[in-house]
Amino acid sequence: MSSVIKIFDTTLRDGEQSPGASMNIEEKIKIAKQLEKLGVDIIEAGFAAASPGDFEAIERISEVVKTSTICSLCRAIDKDILAAANALKKATSKRIHTFIATSPIHMEYKLKMKPNEVIKRAVDSITYAKSLVDDVQFSCEDASRSDIGFLKEILAAAMEAGANTLNLPDTVGYVLPSEMGSIIKEISDFVGTRATLSVHCHNDLGLAVVNSIYGIQNGARQVECTINGLGERAGNTALEEVVMILKTRKDLFGSFSNKIKTQEIYASSKLVADITGIRPQPNKAIVGQNAFAHESGIHQDGMLKNPETYEIMKPADIGIIKANTLVLGKHSGRAAFKDKIKSLGFSVTEDELNAAFERFKILCDSKKEIFDDDIRAILNEETIHIPQIFSLELIQISANSSGKYSAVLSIKRDGIEYSDCALGNGSVDSILKGIDRITGIKGNLKDYQAQALSGGKDALAKVVVKVEFEEGKPAIIGHGMDIDTMNATAKAYVCALNSYLSMKDLIADKKGTMCL
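Please read all numbers here as calculations on a predicted model, not as lab measurements.

Peer 1: Hey, could you go over the overall build of the protein for me, with residue numbers and the actual values?
Peer 2: Of regular secondary structure, the protein possesses 17 helices and 18 strands. Since a compact globule built from 516 residues should have a radius of gyration of about 24 Å, the 24 Å found for the protein is in line with a globular shape. A total of about 22600 Å² of accessible surface is found on the protein, and carbon and sulfur atoms cover 51% of it. Of the side-chain charges in the protein, 62 are positive and 68 negative, and the distance between the mean point of each set is 2 Å.

Take a look at the structure:
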């Protein structure tokens, strides 16, 4: 009989705590819908009590996602639990995830509570959560550094109070695989069939994935993970790696099954990377740029004779049909464009299709060859609906012999066009100063990335900026695409500004985040 492994994705909660990965509500909804398409069992959509923005994101995701369980994290505090329940009201399937620290160092120095007080707090919080929803998960923060006897005591109390799932996080990524396996085995034998056992591993020592696998081998039936391994500090267990290990090594894991549609892995990875601006390193397993690349002559010869000589997985297994396929051109019609969108796995409204097709035709006038990644980038931008308070109308940059740069810009707001110019130390500096002058809102650029989406001199430039508009608040991500990198820069900065203005009353302070 097959044992089902539940995939609990926390990209939108723990993943967003990765430095510089803050997302706006529309971006979170876009990712949640893709996670549903991927086949994720549980989507941890945020921490409802952390900020009005997190609450609204969970609430709206609960409305649109129908086949995945929507979960909110909360501390073992009544007001947090109530906020989670309220945010989840419209979810078809809902879960409250409450936690408290159980390691000696956390109980003494962070909580300043005795072990018996921690147990009582846990029981009270689970009991209250259970009165609001049927599905309750309880986590022992820093479980891997907790006393095993105390873990059994608090988990027994948690089950008695009604917890359906018990999660044992390796919060600081400390334990070795053999240690993780031993902990899970002992707890699994103790818990039996009374609750589902879960693991949540961090990657501080590079062991998150292997620790999760050892957890599965020793009794865990839920794995908490994120797309691309995104997360606090060194990141979390990478969803794509765990799932492909289970799929590829059927000789060891043939008795386990999960609901993930692996052909959606690549699209999910690309979407999260595009939105957060955090791209997997080229040699990242499964989704890295070089994951299916072969440069060695011996390897290439073997691949030509039989791909299985050097590939244990097929690119198609994760949704790569043919990388950077040349697809359409300036003479392609709307029907062909719509068909290509469908083949790439996108589902769009008529308005989104029209806007994307218009962008595509404009791009065709400037770019000879249009690739799949160009179209994916256009669709990802057109299907995330951020209110366009400001729009870039014109940009002109010049430099003189003294090394001074200037930018002339025109920006429209409420149908009125405003123009100004600014001097700067380089093109980017002058552009950003010009936008600040026109809008009257000053931003502090925290990060800037530019990359070509495909090959060739006319490759589409993708710029991602992270801008801090309020001290102490998270940096806001902005995206811009254009044949010209400076135009893309201006678009990205204006995008970040629009995103900030649309959600500035909903943004939490940086100190308002939580980690398991």
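Still to come is the rest of the account.
Peer 1: Which residues make up the packing of aromatic side chains, and what are the values?
Peer 2: Each pair of aromatic rings is reported with the distance of its centres and the angle of its planes. Evaluated as defined, the whole model comprises six aromatic pairs. For the pair phenylalanine 469 and tyrosine 493, a centre-to-centre distance of 6.4 Å together with 55° between the ring planes defines the contact as tilted. A residue pair is termed long-range when its members are at least 10 positions apart, and phenylalanine 469 in the loop between strand 17 (461-468) and strand 18 (476-482) and tyrosine 493 in helix 17 (residues 485-503) qualify at 24 residues. Comparing phenylalanine 469 with tyrosine 493, the two get one shared label, buried. Both rings, one in phenylalanine 469 and one in tyrosine 500, keep their centres 4.8 Å apart while their planes meet at 20°; by these two values the pair is stacked. Here phenylalanine 469, found in the loop between strand 17 and strand 18, pairs with tyrosine 500, found in helix 17; they are 31 residues apart in sequence, far enough to count as distant. Considered together, phenylalanine 469 and tyrosine 500 belong to a single accessibility category, that of buried residues. An aromatic cluster of at least three residues, connected via ring pairs, comprises Phe337, Phe357 and Phe360.

Peer 1: Can you break down helix 2 (residues 52-64) residue by residue, with the values?
Peer 2: Over its 13 residues, helix 2 runs 19 Å from end to end, which matches the ideal 18 Å to within 8%, given 1.5 Å per residue. Residues Gly53, Asp54, Ala57, Ile58, Ile61 and Ser62 constitute the buried set of helix 2. In an axial view of helix 2, the angular spread of the buried residues amounts to 170°, which keeps them on one side of the axis. In the core, the buried residues of helix 2 are packed alongside helix 1 (25-38), strand 3 (42-46), strand 4 (69-75) and helix 3 (78-87).

Peer 1: Tell me about the sheet that holds strand 6 (residues 136-141), and name the residues and values.
Peer 2: Pairing is parallel around the closed barrel formed by eight strands, whose spatial order is 2-3-4-5-6-7-8-9. Taken pair by pair, the neighbouring strands of this sheet meet at an average axis angle of 25°, ignoring direction. Examined bridge by bridge, strand 8 (residues 196-201) and strand 9 (residues 222-225) share three bridges and lie parallel to one another. Within the sheet, the bridge partner assigned to histidine 200 lies in strand 9 and is glutamate 224. Where helix 6 (residues 148-161) meets the sheet, its contacts fall on strand 5 (94-101), strand 6 and strand 7 (165-170), and the angle it forms with strand 6 comes to roughly 165°.

Peer 1: Please provide a residue-by-residue account of helix 6, values included.
Peer 2: Relative to the 20 Å expected for 14 residues at 1.5 Å per residue, helix 6 spans 20 Å between its end C-alpha atoms, a close match to the ideal helical length. Restricting attention to buried positions, one finds in helix 6 the residues Phe150, Leu151, Ile154, Leu155, Ala157, Ala158, Met159 and Ala161. Check the buried side of helix 6 and you find it contacts strand 5, helix 4 (104-111), helix 5 (115-132), strand 6, strand 7 and helix 7 (177-191). With its phi angle positive at about 120°, glycine 162 sits one or two positions after the end of helix 6.

Peer 1: With reference to specific residues and values, describe the pairing of strand 8.
Peer 2: The buried fraction of strand 8 is high, at five of six residues. Examined bridge by bridge, strand 7 and strand 8 share six bridges and lie parallel to one another. For leucine 168, the partnering residue across the bridge sits in strand 8 and is valine 199. Crossover handedness for the path strand 7 to helix 7 to strand 8: right-handed. Handedness of the crossover is the feature at issue here: the chain leaves strand 8, passes through helix 8 (residues 208-217), returns alongside strand 9, and the resulting connection is right-handed.

Peer 1: An account of the side chain of aspartate 170 is needed here, citing residue identities and associated values.
Peer 2: Relative to the elements of secondary structure, aspartate 170 occurs in strand 7. One buried charge, aspartate 170, has no salt-bridge partner; the nearest side chain with opposite charge is arginine 145, at 6.7 Å. Only 3.1 Å separates the side chain of aspartate 170 from the backbone nitrogen of tyrosine 174, close enough to count as a polar contact.

Peer 1: Could you give an account of the nonpolar core, naming the residues involved and the relevant values?
Peer 2: Core analysis: the largest hydrophobic core is formed by 95 residues, its most contacted members being Ile70, Ile96, Phe138, Ile154, Leu166 and Leu168. In terms of residue count, the dominant contributor to this core is helix 6 (eight residues). In contact with leucine 166, not counting residues within four places along its chain, are Phe138, Leu155, Ala158, Met159, Val191, Ala195, Thr196, Leu197 and Ser198.

Peer 1: Quick one: what's the story with unusual backbone geometry, residue by residue and with numbers?
Peer 2: With a phi close to 60°, aspartate 142 is a non-glycine residue in the positive phi region. The residue aspartate 142 is located in the loop between strand 6 and helix 6 in this model. Classification of aspartate 142 by relative accessible area gives buried; the value is 0%.

Cut-off values and rules
Residues numbered from 1 in each chain as written. Predicted model: local features only at pLDDT ≥ 70, side-chain atom pairs only at ≥ 80, totals over all residues. Heavy atoms only, no water. Helix = DSSP H or I, 4+ residues; strand = E, 2+ residues; numbered from the N terminus. Rg over C-alpha atoms; globule rule 2.2 N^0.38 Å. Areas by Shrake-Rupley, 256 points an atom, 1.4 Å probe, with all protein chains shown as cover. Lys, Arg positive; Asp, Glu negative; His and termini not counted. Charge placed at Lys NZ, Arg CZ, Asp CG, Glu CD. Phe/Tyr/Trp six-rings, centres within 6.5 Å; stacked < 30°, edge-to-face > 60°. Buried < 20%, exposed > 50% of the residue type's maximum accessible area, 1.4 Å probe, protein only. Expected span 1.5 Å × (residues − 1). Arc of directions from axis to C-beta. Contact = heavy atoms within 4.5 Å. Pairing = 2+ DSSP bridges. Axes fitted to C-alpha atoms, helices over the stretch in contact; angles between N-to-C directions. Right-handed = clockwise from strand over helix to strand, strands pointing away. Salt bridge = Lys/Arg side-chain N within 4 Å of Asp/Glu carboxyl O. Polar contact = N/O pair within 3.5 Å; in protein donor to acceptor, adjacent residues only side chain to side chain. Core = buried A, V, L, I, M, F, W, Y, C linked by side-chain atoms within 4.5 Å.

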